[in-house]
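An overview of the molecular structure
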Amino acid sequence: QVNASPPSRGAMGDEQYLVPKEQPVLKLPCGEAFKLLRRKEQKYAHHMSRASWEGSRVCLDQCAPECPKIFDMFQILFSNGTVNKLKFAGDADHLTHFYNYVVAFYGNLGNYLSFGDRKFAPRITVEEFEAVLQAHAKLLSGGLRARALQLWEEVKGPMYDVSGAVKELGKPGSGQTGYYLGPVTEEDVGVVQKFMQKEGLEAWNSRLRKNEDGSLDILFAAYVPRNKPPRKEDKGEFEGKKISVVYGDYGELLGPVVHHLQEALKFVANDTQAEMIKAYIDHFQTGELEAHKESQRKWVKDMGPAVETNIGFIENYRDGFGERAEFEGLVSAVNREQSKKFDELVGRAETLLPKLPWPKEFEKPTFTRPDFTALDVITFANSGVPVGINIPNYDEVRKEVGFKNVHLHNVLASRFVSKDDIPFIQAEDQELMKTKRTASFEVQVGLHELLGHGSGQLLYEEEAKKVTNPLTGKPCESWYNQGQTWSSVFQGLASSWEECRAEAVGIYLGVERDVLEIFGFKTKEEQDDIIYCNWLQMAHAGVVGLEFYSPEHKRWGQAHMHARFALLNVMIRAGEGFCELEKKDDTVLVKMDRSKIETVGKKAVGDFLLKLNVLKATADVKAGEALFGDMTKVDDEWLKIRDIVLANKKPRPVYVQAHTELNASGGVDCLEFKADAKGMIASMQYHFGLPKRTPAPKAAAVEAGAKTKPFFWDTHGCKPDSRGLNMVVTVVSAEDPTDSITELKVGDSYAVVTMKCKKEEAAGWREPGTVLLLRNAYIRMFKGHMRLIVDQWGKVQKITADEAKEFVPAGAGEPNTAKDLSAIEYELRD
């Protein structure tokens, strides 16, 4: 139940499920990079950024049912600049812990860690949290205050619930998931997987819902205009289960995404970009995955753009079955100076690939040179911000046209800024790690993305039967069948396995001296330090990774850390004193003999890497599960080390990101915010504003005939690009600028705005004091001024003042004629 009763203080005792006492916040700087873009490029970046932020609301639904409501509560609570106006008379620590929770929630786009998938709850009691919340709410107008407090009553129970399956994200029944709605079982998922394979469907942009009658609906994300029902295809029975395919999930969230993509289309740099954007629009409008695959083909071919973007349902890390993907949107400016080293690495790729420890039959016959650029991120709208990306994830697209690698330069540059000692690192290695880890990690990211994710191939029956398996010396006995993908075969293990393979490639090839020269390390002493720092950092990450293992559920909550723990075990099992852990007092230290990296270490990792690549290539999931299970088994001794890790862990920082907005001169401003709680809250107010809807915990919007209760704006929501506005306004005056057009001056207690409509429609609305209910209104610009429009996709209804209170608790309100939003002139330029 979304409004379940909150637990007592005693249920809050488990430290690992509480927000940190200090939540680090980092700024993601991009202002200077944005200034270097041309005006047209800035407009393109702006609309792609808006599309990304609007779509990222999907991440809330994909996380947990309470997340959209917590988000809306915070957006309302801070909408009136309450953070800056607040004079809190209570305990200052309570205020700090309140803001820590808000910042963590915003930074993870939900109440589960994006890196670790573990739920976090406030560090203060329900009553203490509510006291701070009430103090903010008192600064709001009556309607907003009432809505914020109503949401609080609905979410405070699940916010504080860290019991049972909701502790971590996972498969339905054993973990929290937003990808499976209703009592979905593993059997249901298996049947649907076979059904989708038969129908030629893939699950990337879908959810699965089980209805009360036991029938199953596959819900595909697609924008559905409000006056049209979702498209539902009844597929009948399959293996005893009634299955339907429904297009229209997240429909009301994807409308603004489509709108801003259509606007971005006006500012593309070339025909390839235009075709890419058109394919994106097609994908989000229809839900057809083939359209998104086409967008990725065009994206890969769009080489060296000034503004690099990607948007869609991309990574499947958070789905317990490894098939359904989280929404994300990337917008960035290419850093051409930093990109030079990565371009040179691409040029060396064909000489480096043969150095990997598998036969040529397990590598693609032709290496397609990808674009590899360093980017300064303007927007990364998702639950987390990575340091590097290798996409697309569609196997057939990678085979057809290749892939792209991106290094997120300003993310990495801001990550390792702390001068504090690094836990679990020996005193003699502290200085080296502090000074070299950013540089060594950059090398690792480059190799990980380009030659880790970019290497290897999947074998299908015809070709597999011709190949000798180097692990057995016999012909391959397993392979992929048509319609199967890497993710559908290896499912929940796929992400961890692939990250492990990529990380292993990074440290394996990271000892190559010509690679290190590309990154500016010319002397043997410099190179030896980078090699040691990279290998030591990987072993250290394996130790730290124990934080993300759940003893209760016996599973890993983060793919990269699962992978790094496997590599730590490979290094330890290599023997010969190469890598060891030393327990000392209340800590554990990673000890590595740097003289043995290129002999003992490289051989051990190479042998393991061979197994990773061959088992993946041959779809040998049974052997793969046995191998990875052995290398990542957490026994009692490891659990003791895990306790030490938890006692010494440092909280992961979250990022405050910039905001772009159109200015009065027709250009684009890039606003940056301070790296603190106020900066984070301000940025989210700019990104999202007041809620545009009241989300339902289930995918109610895609049920035939079902409706969600809309959120009603005041005129504060009227901006040059506003859409989907539901409002209650009062008529102030009426004018007829032409024989067929009437302009009504309408408003509320915030402001007034000019509403443009057909004269015959407005005949019954002209009288001052008339109260109108507007649904799905939007703003259109006329000669630089805003006009409020309600077209055939919306509705205008004349209501009484008493009826208005059903939609806006404070009623229609007296229009504030002193503030005329339509009097503001915007100068629009190309």
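Before reading further, recall that the structure is shown in the block above.
For clarity, every value in this text was computed on a predicted model and none was experimentally measured. (Residues numbered from 1 in each chain as written. Predicted model: local features only at pLDDT ≥ 70, side-chain atom pairs only at ≥ 80, totals over all residues. Heavy atoms only, no water.)

**Considering the overall build of the chain**
Counting its regular elements, the chain contains 27 helices and 26 strands. Computed over its C-alpha atoms, the radius of gyration of the chain comes to 28 Å, within 12% of the 28 Å expected for a compact globule of 830 residues. Overall, the chain is about 90 × 60 × 60 Å in size when its C-alpha atoms are taken along their principal axes. Relative to its full complement of 830 residues, the chain shows a buried share of 60%. A sequence separation of at least 24 residues applies to 74% of the contacts in the chain between residues at least 6 apart. (Helix = DSSP H or I, 4+ residues; strand = E, 2+ residues; numbered from the N terminus. Rg over C-alpha atoms; globule rule 2.2 N^0.38 Å. Buried < 20%, exposed > 50% of the residue type's maximum accessible area, 1.4 Å probe, protein only. Contact = heavy atoms within 4.5 Å.)

**Section: the state of the cysteines**
Tallied over the full model, the rule gives 0 disulfides. Cys670 provides the cysteine sulfur closest to Cys30, a residue in no disulfide bond, and the two sulfurs are 3.9 Å apart. The exposure class of Cys30 is buried, given its relative accessible area of 3%. Between Cys59, a cysteine without a disulfide, and Cys63, which holds the nearest cysteine sulfur, the sulfur-to-sulfur distance is 9.0 Å. For Cys59, a relative accessible area of 1% gives the class buried. (Disulfide = S-S within 2.5 Å.)

**Some points on the sheet that holds strand S7 (residues 307-315)**
On the basis of which strands lie adjacent, the open sheet formed by 5 strands has the order S7-S8-S9-S11-S10 and mixed pairing. Two strands bound the open sheet, and with one partner strand each, they are S7 and strand S10 (388-391). Each adjacent strand pair in this sheet contributes to an overall mean axis angle of 35 degrees, direction not counted. Pairing analysis gives 6 bridges linking strand S8 (residues 326-334) to strand S9 (residues 371-381), with the strands arranged antiparallel. Along S9, the bridge assignment pairs Val331 with Thr379. (Pairing = 2+ DSSP bridges. Axes fitted to C-alpha atoms, helices over the stretch in contact; angles between N-to-C directions.)

**Focus: empty space enclosed by the protein**
Taken as a whole and judged by the stated rule, the model has 5 cavities of 30 Å³ or more. Looking at the largest cavity, its volume works out to about 170 Å³. If you go around the largest cavity, you meet 13 residues; those closest to its centre are Leu201, Glu202, Glu323, Thr485 and Ser488. For the lining of the largest cavity, the leading source of residues is helix H9 (residues 186-199), giving 3 residues. (1 Å grid on protein atoms, 1.4 Å probe; cavity = no way out; pocket = protein on both sides within 12 Å on 5 of 7 lines; lining within 4 Å. Points joined across faces, edges and corners; volume = space filled by probe spheres on them.)

**Some details on the pairing of strand S22 (residues 741-747)**
The buried count for S22 comes to 7 of 7 residues, which makes it a mostly enclosed element. Burial along S22 is two-sided: Ile741, Glu743, Lys745 and Gly747 and Thr742, Leu744 and Val746, pointing in opposite directions, are all buried. Across 5 bridges, strand S21 (residues 725-735) lies against S22 in antiparallel orientation. Its bridge partner being in S22, Ser733 is matched across the sheet by Lys745. The hairpin formed by S21 and S22 contains 5 residues between the paired strands. What sits between the antiparallel neighbours S22 and strand S23 (residues 752-758) is a turn of 4 residues.

**Observations regarding the side chain of Gln16**
Inspection of the secondary structure assignment puts Gln16 in the segment before strand S1 (25-27). Polar contacts involving the side chain of Gln16 include one to the side chain of Arg118, which spans 3.5 Å. A distance of 3.1 Å separates the side chain of Gln16 from the side chain of Arg642, its partner in a polar contact. In this structure, Gln16 is in contact with Arg118, Lys119, Arg642, Leu646 and Lys649, ignoring residues within four places of it in sequence. (Polar contact = N/O pair within 3.5 Å; in protein donor to acceptor, adjacent residues only side chain to side chain.)

**Considerations on the nonpolar core**
Ranked by internal contacts, the top residues of the largest apolar core, which has 138 residues, are Phe74, Phe78, Phe98, Tyr106, Phe129 and Leu788. A per-element tally of this core places helix H6 (residues 92-108) first, with 9 residues. Phe78 has contacts with Val83, Phe98, Tyr99, Val102, Tyr106, His136, Ile681 and Gln685, leaving out every residue within four places of it along the chain. (Core = buried A, V, L, I, M, F, W, Y, C linked by side-chain atoms within 4.5 Å.)

**Things to note about the packing of helix H16 (residues 427-452) against helix H21 (residues 524-544)**
At a closest axis distance of 8 Å, the pairing of H16 and H21 adopts a crossing angle of 90 degrees. Between H16 and H21, the angle is such that the two are roughly perpendicular. Mapping the contact onto sequence places Asp429, Leu432, Met433, Lys436, Arg437, Ala439, Ser440, Phe441, Val443 and Gln444 in H16 and Asp529, Ile530, Tyr532, Cys533, Asn534, Leu536, Gln537 and Met538 in H21. Residues of the contact of H16 with H21, tallied by class, amount to 10 nonpolar, 4 polar and 4 charged. (Parallel < 35°, antiparallel > 145°, perpendicular 65-115°, else oblique. Nonpolar A, V, L, I, M, F, W, Y, C, P; charged D, E, K, R; others polar.)

As far as function goes, none of this settles anything; it's purely spatial.
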